[in-house]
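# Structural characterization, general
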Amino acid sequence: MKSFLSSQVKVGVAALFLAGAAFAQGEPSAEGAEVYFVNLKDGDTVTGPVRVVFGLKGMGVAPAGTEKENTGHHHLLINRPPLGEGEEGADELLYGLPADDNHVHFGGGQTETSLDLPAGTHTLQLVLGDLNHVPHASPVTSEVITITVK
Ligand SMILES: [Cu+2]
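Report follows, based on the coordinates.

Procedures and definitions
Residues numbered from 1 in each chain as written. Predicted model: local features only at pLDDT ≥ 70, side-chain atom pairs only at ≥ 80, totals over all residues. Heavy atoms only, no water. Donors = N, O, S within 2.8 Å, 3.2 Å for Na, K, Ca; no water. Tetrahedral: all angles 85-135°; square planar, octahedral: opposite > 155°, others 65-115°. Helix = DSSP H or I, 4+ residues; strand = E, 2+ residues; numbered from the N terminus. Buried < 20%, exposed > 50% of the residue type's maximum accessible area, 1.4 Å probe, protein only. Pairing = 2+ DSSP bridges. Phe/Tyr/Trp six-rings, centres within 6.5 Å; stacked < 30°, edge-to-face > 60°. Lys NZ or Arg CZ within 6 Å of the ring centre and 35° of its normal.

### With respect to the coordination of the copper ion
Around the copper ion, the protein contributes the donor atoms H73 (NE2), H75 (NE2), H105 (ND1) and H133 (ND1), which lie 2.0 to 2.1 Å from the metal centre. One can describe the site at the copper ion as irregular: its 4 donor atoms subtend angles covering 90 to 154° at the metal. Taken in chain order, the donor set of the copper ion reads H-x1-H-x29-H-x27-H. A residue pair is termed long-range when its members are at least 10 positions apart, and H75 in strand β5 (residues 71-78) and H133 in the loop between β8 (120-129) and β9 (145-149) qualify at 58 residues.

The following block contains the structure:
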């Protein structure tokens, strides 16, 4: 009997741990929220500099650090595997997006940008992040598009 109880306790602890891991993710997203490219689509060929306009439905844009439900700021993943995939994918979801050439933050609440991309093909994905730059739970992401710069 004693060992039965102790295994019940272990299951309880494991469940608590999993719940804790879930809390480490970003703020909740609004159901049905969508982020998308307004002026680009998969397969487009463009000339640089590349203007990229960010669209968002079902949530609002707010500068980084703003504590307000159902808001976030835009991030652009450039030449990266889709959010949550690849080597640092799990960390992106749990701890937030790094800031580097492949993860660009628009923490001021910007809704468009202009990119100086070299000629060739590039992938782009939009990801909404919460006040702490962590993707929402569930993440609000666009499709990954591939564009060619002439
Ligand atoms: Cu950010």
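### Quick word on the pairing of strand β7 (residues 112-115)
In regular strands, side chains alternate between the two faces of the sheet. The alternating pattern of β7 places T113 and L115 on a buried face and E112 and S114 on a face that is not buried. Sheet analysis places strand β3 (residues 50-57) next to β7, joined by 4 bridges and oriented antiparallel. The residue of β7 that forms the bridge with V50 is L115.

### Some thoughts on the packing of aromatic side chains
Going through the model one piece at a time under the given rule, you end up with 1 aromatic pair. Residue placement shows K57 over the ring face of Y36; its charged tip is 5.5 Å from the ring centre.

These figures come from the coordinates and say nothing about function on their own.
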